[in-house]
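Residues per chain are reported as follows:
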Amino acid sequence: LEQIEKTASQFREYDKQREEPRSLIQDARARLEQEGSGLLDDQQQAQHEEDEELQLLEKLGNINSELELAQEQLAQLKQVEESLKILHSTQTELRAENESLKPEMEKLKERIFHLEESDQAECPLCGQPLSRNDRLALIESLQAEGQEMGDRHRANRKRQQEIDNEASN
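Parameters at a glance
- Residues numbered from 1 in each chain as written.
- Predicted model: local features only at pLDDT ≥ 70, side-chain atom pairs only at ≥ 80, totals over all residues.
- Heavy atoms only, no water.
- Helix = DSSP H or I, 4+ residues; strand = E, 2+ residues; numbered from the N terminus.
- Rg over C-alpha atoms; globule rule 2.2 N^0.38 Å.
- Buried < 20%, exposed > 50% of the residue type's maximum accessible area, 1.4 Å probe, protein only.
- Contact = heavy atoms within 4.5 Å.
- Areas by Shrake-Rupley, 256 points an atom, 1.4 Å probe, with all protein chains shown as cover.
- Patch = residues over 30% accessible without salt bridge, like charges linked within 9 Å, V, L, I, M, F, W, Y side chains within 5 Å.
- Salt bridge = Lys/Arg side-chain N within 4 Å of Asp/Glu carboxyl O.
- Lys, Arg positive; Asp, Glu negative; His and termini not counted.
- Charge placed at Lys NZ, Arg CZ, Asp CG, Glu CD.
- Axes fitted to C-alpha atoms, helices over the stretch in contact; angles between N-to-C directions.
- Parallel < 35°, antiparallel > 145°, perpendicular 65-115°, else oblique.
- Left-handed = near helix turned anticlockwise from the far one by under 90°.
- Nonpolar A, V, L, I, M, F, W, Y, C, P; charged D, E, K, R; others polar.
- Core = buried A, V, L, I, M, F, W, Y, C linked by side-chain atoms within 4.5 Å.
- Polar contact = N/O pair within 3.5 Å; in protein donor to acceptor, adjacent residues only side chain to side chain.
- Expected span 1.5 Å × (residues − 1).

Engineer: Even after reading the chapter, I still don't get the overall build of the protein chain, so can you show me in this structure?
Structural biologist: Helix and strand counts for the protein chain stand at two helices and zero strands. Relative to the compact-globule value of 15 Å for 169 residues, the protein chain shows a C-alpha radius of gyration of 52 Å, a clear excess of over 25%. Relative to its 169 residues, the protein chain shows a buried fraction of 14%. The long-range share in the protein chain, meaning contacts at least 24 apart out of those at least 6 apart in sequence, stands at 65%. Per element, the accessible surface of the protein chain, about 14400 Å² overall, is 50% carbon and sulfur.

Engineer: Just checking my understanding: could you explain the environment of Lys158 for this structure?
Structural biologist: With respect to the helices and strands, Lys158 occurs in helix H2 (residues 132-168). When the C-alpha positions of Lys158 and Lys102 are compared, they lie 16 Å apart, and in sequence the two are 56 residues distant.

Engineer: Please clarify how a negative patch on the surface should be interpreted in this entry.
Structural biologist: A contiguous patch of negative charge, built from Glu49, Glu50, Asp51, Glu52 and Glu53, is present on the exposed surface. By the element assignment, Glu52 lies in helix H1 (residues 2-117).

Engineer: Got a minute to help me understand the packing of H1 against H2 in this structure?
Structural biologist: Between two packed helices, both the angle of their axes relative to each other and the distance between the axes serve to describe the pair. It is at 8 Å that the axes of H1 and H2 come closest, and there the two elements cross at 155°. When the interaxial angle is binned, H1 and H2 end up roughly antiparallel. For the pair H1 and H2, the sense of crossing is left-handed. Classifying every residue of the contact of H1 with H2 by side-chain character gives 14 nonpolar, nine polar and 13 charged.

Engineer: Sorry if this is basic, but what is going on with a nonpolar patch on the surface here?
Structural biologist: On the surface, a nonpolar cluster with roughly 290 Å² of combined accessible area is contributed by Leu54, Leu57 and Leu60. Locating Leu60 in the fold gives a position in helix H1.

Engineer: Sorry, what's going on with the nonpolar core here?
Structural biologist: Across soluble globular proteins, nonpolar side chains have a tendency to be buried as a group. In this structure, Leu101, Met105, Leu108, Ile112, Leu115, Leu138, Ile139, Leu142 and Met149 together form the largest nonpolar core, which totals nine residues. With five residues, H1 is the single largest residue contributor to this core.

Engineer: Teacher, can you tell me more about the pattern of salt bridges here?
Structural biologist: Side-chain pairs of opposite charge can arise where the charged atoms are in close proximity. The tally for this structure, following the rule as stated, stands at eight salt bridges. Among the ionic pairs, Arg154 bridges to Asp151, the shortest N-O distance being 2.5 Å. Remark: Asp151 and Arg154 occur in helix H2; sequence separation between them is three residues, near one turn of the helix. Connected through shared salt-bridge partners, Asp15, Glu19 and Arg22 make up one network.

Engineer: Quick question: what am I supposed to make of the side chain of Gln91 here?
Structural biologist: When you line up the elements, Gln91 lands in helix H1. A polar contact of 2.6 Å, which involves the side chain of Gln91, links it to the side chain of Asp164. The residues touching Gln91, leaving out its near neighbours within four places in the chain, are Gln160, Ile163 and Asp164.

Engineer: What is the right way to read H1 from this model?
Structural biologist: Given 3.6 residues to a turn, an α-helix orients residues that are three or four positions apart in the same direction. Across its 116 residues, H1 extends 166 Å between first and last C-alpha, which sits within 8% of the 172 Å expected from 1.5 Å per residue. Residues of H1 that are buried include every one of Leu87, Gln91, Leu94, Asn98, Leu101, Met105, Leu108, Ile112 and Leu115, and no others. Those residues of H1 hidden inside the fold are in contact with H2.

Next comes the structure, spelled out in structure tokens:
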């Protein structure tokens, strides 16, 4: 019994001596497990951030594509605006020309009517009386000039209508 007691005492002594390293090992194990858990969390966080970065890069690519499309559309819009300005300017010029042609055509019409109604006509340049053939030639010349003005007037109106159609599209 003494021998067993002595052995037990030695065992307890060795057991006490083992307690400190065992405690250190358990502390180190706990610390390592905690550190491993933290590293796993960090790894998951890094993976999550990498996934977010990929999504953001994809979104950035989409946004860049949309930006390029918007820039192209803006350039087209500027071209359309410039075209519209030119069309409106042309249309204004055509209107102005038609407004000036109308009174001229009316004057020609009145002059032709006056020459056709009258047997006596005067030369528009020198004021001397015209012969019948000269009067008829003058009427024909004035009618041709009136026809030309009328043709220009109609062509201007047609072009104005085309411009209206272009502008509305």
